[in-house]
Amino acid sequence: MSFDRHLAEIAREYPEWTIWRSDAGRWWATRHHPLSSAQREAGCAMTIDADEPEGLRQLLRDQEERANSADP
């Protein structure tokens with residue numbers, strides 16, 4: 001699968017994030033909205049990165065779980 005297709009799929013799965021691939025080949029995601037203090041305390045990050053698309057997906061799932069557990 002092409003990296004453009006991976007980008008489009010991940011962006012569709014995680015609309016609250018901006019997804020991109022750096023010139024160095026790393027996969028990145030940045031949240032569209034600031035984190036609450038509860039989310040920061042739960043270990044949420046504004047920006048994450050991974051070596052490959054599936055690694056980024058796993059990190060995004062983890063971040064979503066952390067954010068959901070922090071929200072009342």
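Computed from a predicted structure; not experimentally measured. (Residues numbered from 1 in each chain as written. Predicted model: local features only at pLDDT ≥ 70, side-chain atom pairs only at ≥ 80, totals over all residues. Heavy atoms only, no water.)

1. As for the environment of A67
This is how it is decided: Secondary structure counts use DSSP, requiring at least four H or I residues in a row for a helix and at least two E residues in a row for a strand, with both numbered from the N terminus. Residue exposure (1.4 Å probe, protein chains only): buried if accessible area is under 20% of the type maximum, exposed if over 50%, otherwise partly exposed. Contacts were defined at the residue level, with two residues in contact if any of their heavy atoms lie within 4.5 Å.
Its location among the elements puts A67 in helix α3 (residues 53-70). We classify A67 as buried; its relative accessible area is 6%. Note: C-alpha distance between A67 and A50 (17 residues apart in sequence) is 19 Å. In this view, A67 contacts R31, Q39 and C44; residues no more than four positions away in its chain are not counted.

2. What to know about the pairing of strand β2 (residues 27-31)
Basically, it comes down to this: At least two DSSP bridges between two strands are required for those strands to pair.
Residues W27, A29 and R31 of β2 are buried on one face, while the alternating residues W28 and T30, pointing to the opposite face, are not. Sheet analysis places strand β1 (residues 17-21) next to β2, joined by 5 bridges and oriented antiparallel. Along β2, the bridge assignment pairs T18 with T30. Hairpin connection from β1 to β2: 5 residues lie between these consecutive antiparallel strands, with G25 at a positive phi of about 95°.

3. Section: the side chain of Q39
Note the threshold: Two N or O atoms count as a polar contact when they lie within 3.5 Å, although within protein this holds only if one can serve as hydrogen donor and the other as acceptor, and sequence-adjacent residues are included solely when both atoms are side-chain atoms.
Looking at the element boundaries, Q39 is found in helix α2 (residues 37-41). Among the residues examined, Q39 registers a relative accessible area of 12% and is labelled buried. Within the structure, Q39 has its side chain in polar contact with the backbone nitrogen of S36 (distance 2.9 Å). Setting aside residues no more than four positions away along its own chain, Q39 makes contact with P34, C44, A67, A70 and D71.

4. Some thoughts on the sheet that holds strand β3 (residues 47-50)
Stated formally: Helix axes are fitted to C-alpha atoms over the stretch in contact, other axes to C-alpha atoms as well, and angles between N-to-C directions run from 0 to 180 degrees.
An order of β1-β2-β3 is seen for the 3 strands of this open sheet, with the pairing classed as antiparallel. Lying at the two open borders of the sheet, with one neighbouring strand each, are β1 and β3. Across the sheet, the mean angle separating the axes of adjacent strands is 15° when strand polarity is ignored. By the bridge criterion, 4 bridges tie β2 to β3 in an arrangement that is antiparallel. In the sheet register, T30 faces β3, and the bridge partner there is T47. The sheet strands contacting helix α1 (residues 3-13) are β1 and β2, and the helix crosses β1 at an angle near 170°. Contacts between α3 and the sheet are confined to β1, β2 and β3, with β3 contributing the most and set at about 150° to the helix.

Everything listed here is a matter of geometry and, on its own, says nothing about what the molecule does.
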